[in-house]
Amino acid sequence: MMTALVLAASVAAAPTPSELEPLLAAVLGGRVEVQSIRCQVVGDPTEHRCAWRQKKAGGRWEAWSAILARDGGRWILIDRPGPRSRP
């Protein structure tokens with residue numbers, strides 16, 4: 001049971017697409033469509049490593065990630081988002 005509690009504490013709430021898309025659009029310049037957002041706390045409890053799927057211009061979905069932080073009731077980008085490398 002303790003393992004489940006530790007695991008649950010490391011998985012963070014994630015921004016909704018309607019919260020993340022405008023942040024990405026401001027940085028990337030243009031409309032952005034995302035889905036399947038997942039985040040984990042990294043160090044500071046307000047900082048989260050988030051991963052999501054982002055639609056490319058050709059319609060194909062691609063894995064992206066960035067570090068985000070909770071600032072009061074809103075999300076902010078900590079680093080520049082980019083495509084995730086595949087293992």
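Here is what the cut-offs are and how they apply
Residues numbered from 1 in each chain as written. Predicted model: local features only at pLDDT ≥ 70, side-chain atom pairs only at ≥ 80, totals over all residues. Heavy atoms only, no water. Helix = DSSP H or I, 4+ residues; strand = E, 2+ residues; numbered from the N terminus. Contact = heavy atoms within 4.5 Å. Areas by Shrake-Rupley, 256 points an atom, 1.4 Å probe, with all protein chains shown as cover. Disulfide = S-S within 2.5 Å. Buried < 20%, exposed > 50% of the residue type's maximum accessible area, 1.4 Å probe, protein only. Pairing = 2+ DSSP bridges.

Trainee: Teacher, can you tell me more about the overall build of the protein here?
Mentor: The helix and strand inventory of the protein stands at two helices and six strands. Element order for the protein, N to C, with α for helix and β for strand: α-β-α-β-β-β-β-β. Counting only contacts in the protein whose residues sit at least 6 apart along the sequence, the fraction spanning at least 24 positions is 32%. Of the roughly 5700 Å² that the protein leaves accessible, carbon and sulfur atoms contribute 55%.

Trainee: Hey, could you run me through the state of the cysteines in this one?
Mentor: The full count for this structure, using the stated rule, is one disulfide. There is a disulfide in this structure between Cys 39 and Cys 50, and the S-S distance comes to 2.0 Å. Here the S-S torsion is close to 110°, and the disulfide linking Cys 39 with Cys 50 is therefore right-handed. With a gap of eleven residues between them, Cys 39 in strand E2 (residues 34-42) and Cys 50 in strand E3 (residues 44-55) connect regions that are remote in the sequence. By relative accessible area, which is 4% here, Cys 39 ends up buried. Cys 50 sits in the buried class, given a relative accessible area of 1%.

Trainee: Looking at this model, I keep getting lost on the pairing of strand E4 (residues 61-71). Mind explaining?
Mentor: It is a general feature of regular strands that their side chains alternate between the two faces of the sheet. Pairing of E3 with E4 involves nine bridges; the strand directions are antiparallel. Bridge pairing in E4 places Glu 47 opposite Ala 69. Hairpin connection, E3 to E4: the antiparallel pair is bridged by five residues, and Gly 59 has positive phi, about 95°. The sheet contact formed by E4 and strand E6 (residues 82-83) spans two bridges and is antiparallel. Among the inter-strand pairings, Trp 64 is bridged to a residue of E6, identified as Pro 83. Counted along the chain from E4 to the antiparallel partner strand E5 (residues 74-77), the turn is two residues long, and its residue Gly 72 has a positive phi close to 65°.

Trainee: What's the story with the environment of Leu 28 in this structure? I'm lost.
Mentor: Tracing the sequence through the fold places Leu 28 in helix H2 (residues 17-28). Counting along the chain gives 54 residues from Leu 28 to Gly 82, while the straight-line C-alpha distance between them is 9.7 Å. Beyond its immediate stretch of four places on either side in the chain, Leu 28 contacts Gln 54, Trp 64, Arg 80 and Pro 81.

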